[in-house]
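What follows is the residue order along each chain.
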There are 2 protein chains.
Amino acid sequence: MSDRRQISMAVVRRLPKYHRYLLELISNDVDRISSKELSEKIGFTASQIRQDLNNFGDFGQQGYGYNVKELYNQIGNILGLNETYNTIIIGAGNIGQAIANYSNFSKLGFTNQAIFDKNPKLIGLKIRDIAILDVEFLEDYLKKNNIDIGILCTPREQAQEITDTLVKNGVTAIWNFAPIDLQVPDNVVIENVHLSESLLTLTYRLNEPKLLHDIKK
Amino acid sequence: MSDRRQISMAVVRRLPKYHRYLLELISNDVDRISSKELSEKIGFTASQIRQDLNNFGDFGQQGYGYNVKELYNQIGNILGLNETYNTIIIGAGNIGQAIANYSNFSKLGFTNQAIFDKNPKLIGLKIRDIAILDVEFLEDYLKKNNIDIGILCTPREQAQEITDTLVKNGVTAIWNFAPIDLQVPDNVVIENVHLSESLLTLTYRLNEPKLLHDIKK
DNA sequence: TAGATTGTTAATCGATTAACAATC
DNA sequence: TAGATTGTTAATCGATTAACAATC
């Protein structure tokens, strides 16, 4: 009767990749696939694939493998893609505008409802038919509209304050592009996209061979 | 005499976060910090912090802790920030333009040298004084210029072909924003920023409580 | 039925945390 | 010197891989 324990983030981060590969298989008219075949494509072990999927149900069939279309739909459901999501973007700078313009998300069921900024030069400007609003009206807007996900693209300095406003007005998911670790209550989920940090892991690995050679003990 | 073994990605991904927190400490005029104090700020255990740092050297001092400025510089060096990097962006769509406009990277030592696209409407257009070039000249450009990092912002369909061109002409690091797993030789390092996948982990977690309740065994 | 492949338990591997001697 | 805190070894925890009985 009690809920099952939480799935580890290691597993969760693999789910969208399964989803992507399964869509590719569908577009290649592949009907069924075994964990072994999928393993060769996706680069996880067959064992890991079976373990991952069995966290959520018995999607396969012994002797047969997995039905591609069915598994794709199941994973879509697990990822919450049976629902649609209303988003707003806060911060209409480079990244905010890029996200607003990026059409792929709408295919997945995300609809961006509004964009906010505090720069008077940006307010009123339209991006894909959506006018940039004054961030001063954010709280008011949230009281009147049901928003699932806040996409945070402000500079670091404003990020926590905006987050507080979002959380206070019922937003429970934040996609954070600001280079800061936000403080939120336990019921709010945050996904960080820290671009600088991502880039720095690249330079680390670029230099690693020399580095480890130099500091050998 | 032999090189030390490779550092795990779990450790590497924490390094930029140390770097960021140490910079914040510097700007708050904090001179020294113990692993315990840093632990409380950054949210890793003190033990993990000491383990992480000791992969690269003995940066601390018993009874004292770590000198903030020195540790910041050391981690900067480990991340390769003692060097500068020439980058090019391939794909001048939303994300490519956003990255090109984003000034924070230049502070870290990254200089974007060129932007390429195949869309005639974009070619010739300038972003921050850098004209968008025809991607047809990419190979030629790479032969004449020393580029450290290729920033890949094309649609999925072009990504592998561009990657092949980059690799063939000596680029050994790719920051990949295209939703695809690129095939490269072992000596080439890739850092993926898969935005859709990032967003889907958010919707997963948004729905997880209900999901796990529904599928209890 | 025989062969294939899953679902799942057990074994292994790696990463994190705890403990403490070394030492500033 | 005494107290604090590191560097590092050992213990624990969790994630991945291997093995195999169940079964389509």
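Worth saying up front: this structure is predicted, and the values here are computed from it rather than measured.

Cut-offs and rules
Residues numbered from 1 in each chain as written. Chains lettered and ligands numbered in written order. Predicted model: local features only at pLDDT ≥ 70, side-chain atom pairs only at ≥ 80, totals over all residues. Heavy atoms only, no water. Near = heavy atom within 4 Å. Polar contact = N/O pair within 3.5 Å; in protein donor to acceptor, adjacent residues only side chain to side chain. Helix = DSSP H or I, 4+ residues; strand = E, 2+ residues; numbered from the N terminus. Nonpolar A, V, L, I, M, F, W, Y, C, P; charged D, E, K, R; others polar. Pairing = 2+ DSSP bridges. Contact = heavy atoms within 4.5 Å. Buried area = accessible area lost by both parts, 1.4 Å probe. Salt bridge = Lys/Arg side-chain N within 4 Å of Asp/Glu carboxyl O. Buried < 20%, exposed > 50% of the residue type's maximum accessible area, 1.4 Å probe, protein only. Phe/Tyr/Trp six-rings, centres within 6.5 Å; stacked < 30°, edge-to-face > 60°.

Close to DNA strand C lie 26 residues; Ser35 and Gln51 of chain A together with Ser47, Gln51 and Gln61 of chain B are nearest. Per the 4 Å cut-off to the protein, sugar and phosphate atoms form 56% of the nearby atoms of DNA strand C. Taking Arg50 of chain A, its side chain carries an N or O atom lying 2.8 Å from a base oxygen of DNA strand C. Note that a phosphate oxygen of DNA strand C is positioned 3.1 Å from one of the side-chain N or O atoms of Thr45 of chain B. Residue assignment for the surface near DNA strand C shows that the elements contributing at least two residues are helix H3 (46–54), strand S2 (60–61) and strand S3 (65–67) of chain A together with helix H1 (9–27) and helix H3 (46–54) of chain B. Per-element accounting of the surface near DNA strand C gives the leading share, four residues, to H3 of chain B. Along the lines of polarity and charge, the residues of the surface near DNA strand C split into four nonpolar, 17 polar and five charged.

Let's shift gears to the sheet that holds strand S2 (residues 60–61) of chain B. Each strand in a sheet pairs with another by means of backbone hydrogen bonds, the pair being arranged parallel or else antiparallel. All names here are of chain B. Strands sit in the order S1-S3-S2 across an open sheet of three strands; the sheet is antiparallel. Edge strands, defined here as strands with exactly one partner in the open sheet, are strand S1 (32–33) and S2. As paired strands, S2 and strand S3 (residues 65–67) are joined by two bridges and run antiparallel to one another. Paired with Gln61 across the strands is Gly65, a residue of S3.

Between chain B and chain A, the contact holds 72 residues from the first and 71 residues from the second. Carbon and sulfur atoms supply 65% of the area buried between chain B and chain A, which totals about 6,500 Å² over both sides. At the boundary of chain B with chain A, the tally comes to eight salt bridges. Seen at the junction of chain B and chain A, the total is 24 residue pairs in polar contact (both at pLDDT 80 or more). Sorting the residues of the side of chain B that touches chain A by element identifies H1, helix H5 (94–101), strand S9 (173–176), strand S10 (189–192) and helix H9 (195–214) of chain B as the ones contributing at least two each. In terms of residue class, the side of chain B that touches chain A is made up of 39 nonpolar, 16 polar and 17 charged.

All names here are of chain A. As for its position among the elements, Leu142 is in helix H7 (residues 138–144). By relative accessible area, Leu142 is classed as buried at 5%. Along the primary structure Leu142 and Asn169 are separated by 27 residues, whereas in three dimensions their C-alpha atoms are 6.1 Å apart. When neighbours within four sequence positions are excluded, Leu142 is seen to be in contact with Ile88, Ile147, Thr165, Leu166, Asn169 and Val171.

In this structure the tally under the stated criterion is 14 aromatic pairs over all chains. Ring centres of Tyr85 of chain A and Phe110 of chain A lie 5.3 Å apart, and the angle between their planes is 25 degrees; on these two criteria the pair is classed as stacked. Placement of Tyr85 of chain A in strand S4 (residues 85–90) and of Phe110 of chain A in strand S5 (residues 110–117) is noted, with a sequence separation of 25 residues between them. Both residues of the pair, Tyr85 of chain A and Phe110 of chain A, belong to the buried class. Between Tyr18 of chain B and Phe44 of chain B the ring centres are 5.5 Å apart and the planes differ by 80 degrees, which places this aromatic pair in the edge-to-face class.

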